[in-house]
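As a plain string of letters, each chain reads:
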Amino acid sequence: MPTWLEAGLWGLLGGGALVLGALVAWFVRVPQTVIASVMAFGSGVLISAVAFDLMAEAADTGGLTATAVGFVGGALAYLAANAALARHGARHRKRSGHDPDEGQPSEQEQSGSGAAIAIGALLDGVPESVVLGLGLLGGGSVSASVLAAVFISNVPEGLSSAAGMKSNGRSARYVFGVWGGIALASGLAALGGYAALGDAPPEAVAVITAVAAGAILTMIADTMIPEAFERTRTWTGVITTLGFLVAFAIERA
């Protein structure tokens, strides 16, 4: 199998977890506490992957200065894009709808919010997918811990957000169109990350990896952990710690 195709398929697998979560939310009434707990667990898994895979690899390859610049740049880029989308109704795109003051708006409540939510979900997923493709550069392989982190975190993301979409009257065509499209985009992002940087110097790859890491960590703090805390409260830290430990064990195995 061509490596570029392999990269795309790994990205598609990670993005497919969003569709899986959306399917569960659409057909099964999952307790809010369960959604929040899995969200907290997925946050811990992603934090571990950012620290021990992405940042460590970027620093070893490109040095601390370049890594730090990329990391902060990724955080700021995500912040700016997220702030712009929030003004159009995507602020609570991962909310599952249990709090009427922090739910996703319907199209009637805020015109254009459907598109903003879809773009916001894409914004959350692309950095994760790009790093899956980068792992195959230079004859490497996809990190098991990064893949596990992306998959485990995407299931509750898709579940929570799709539950919020359903509770606000979004149609099945819209919900599964969004998540199916994002799964496809995730595959293309992983493929693009591999193809675009195949001949790039290691330092450039390190910076891009750090940019993705900064965006992912900002996404966790801005969107995933707040949703988890709504229900798990004082248990949020413990559940997140367990997710971190599982991903760390996978990385060390």
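Residues numbered from 1 in each chain as written. Predicted model: local features only at pLDDT ≥ 70, side-chain atom pairs only at ≥ 80, totals over all residues. Heavy atoms only, no water.

Caption draft 1: Expanded view of the overall build of the protein chain. Per the secondary structure count, the protein chain includes eight helices and zero strands. Starting at the N terminus and walking to the C terminus, you meet the elements of the protein chain as α-α-α-α-α-α-α-α. Buried residues in the protein chain amount to 46% of all 253 residues. Surface accessibility of the protein chain: about 11100 Å² in total, with carbon and sulfur atoms responsible for 67%. (Helix = DSSP H or I, 4+ residues; strand = E, 2+ residues; numbered from the N terminus. Buried < 20%, exposed > 50% of the residue type's maximum accessible area, 1.4 Å probe, protein only. Areas by Shrake-Rupley, 256 points an atom, 1.4 Å probe, with all protein chains shown as cover.)

Caption draft 2: Representation of the environment of Gly 164. Residue position: Gly 164 is located in helix 5 (residues 144-167). Residue classification places Gly 164 among the buried positions, given a relative accessible area of 0%.

Caption draft 3: Structural detail: the packing of aromatic side chains. This structure, assessed with the given rule, holds three aromatic pairs. Each ring, one from Phe 52 and one from Phe 244, has its centre 5.6 Å from the other, and the planes form 65°; the classification is edge-to-face. Taken as a pair, Phe 52 in helix 2 (residues 32-62) and Phe 244 in helix 8 (residues 236-252) lie far apart in primary sequence, 192 residues in all. Judged by its relative accessible area of 35%, Phe 52 is partly exposed. Taking the centre distance of 4.9 Å and the plane angle of 55° together, the rings of Phe 52 and Phe 248 count as tilted. (Phe/Tyr/Trp six-rings, centres within 6.5 Å; stacked < 30°, edge-to-face > 60°.)

Caption draft 4: Region of the structure containing the nonpolar core. Formed by 28 residues in total, the largest nonpolar core has its most connected members in Leu 46, Val 50, Leu 54, Val 146, Ile 216 and Met 224. If we skip the residues at most four places from it in the chain, Ile 216 touches Leu 46, Val 50, Leu 54, Pro 127 and Glu 128. (Core = buried A, V, L, I, M, F, W, Y, C linked by side-chain atoms within 4.5 Å. Contact = heavy atoms within 4.5 Å.)

Caption draft 5: Inspection of helix 5 at higher detail. Helix length check: helix 5, at 24 residues, gives a terminal C-alpha distance of 35 Å against a target of 34 Å (1.5 Å per residue), a fit within 8%. Most of helix 5 is tucked away, with 19 of its 24 residues classed as buried. Just downstream of helix 5 lies Gly 169, where phi reads positive at about 85°. (Expected span 1.5 Å × (residues − 1).)

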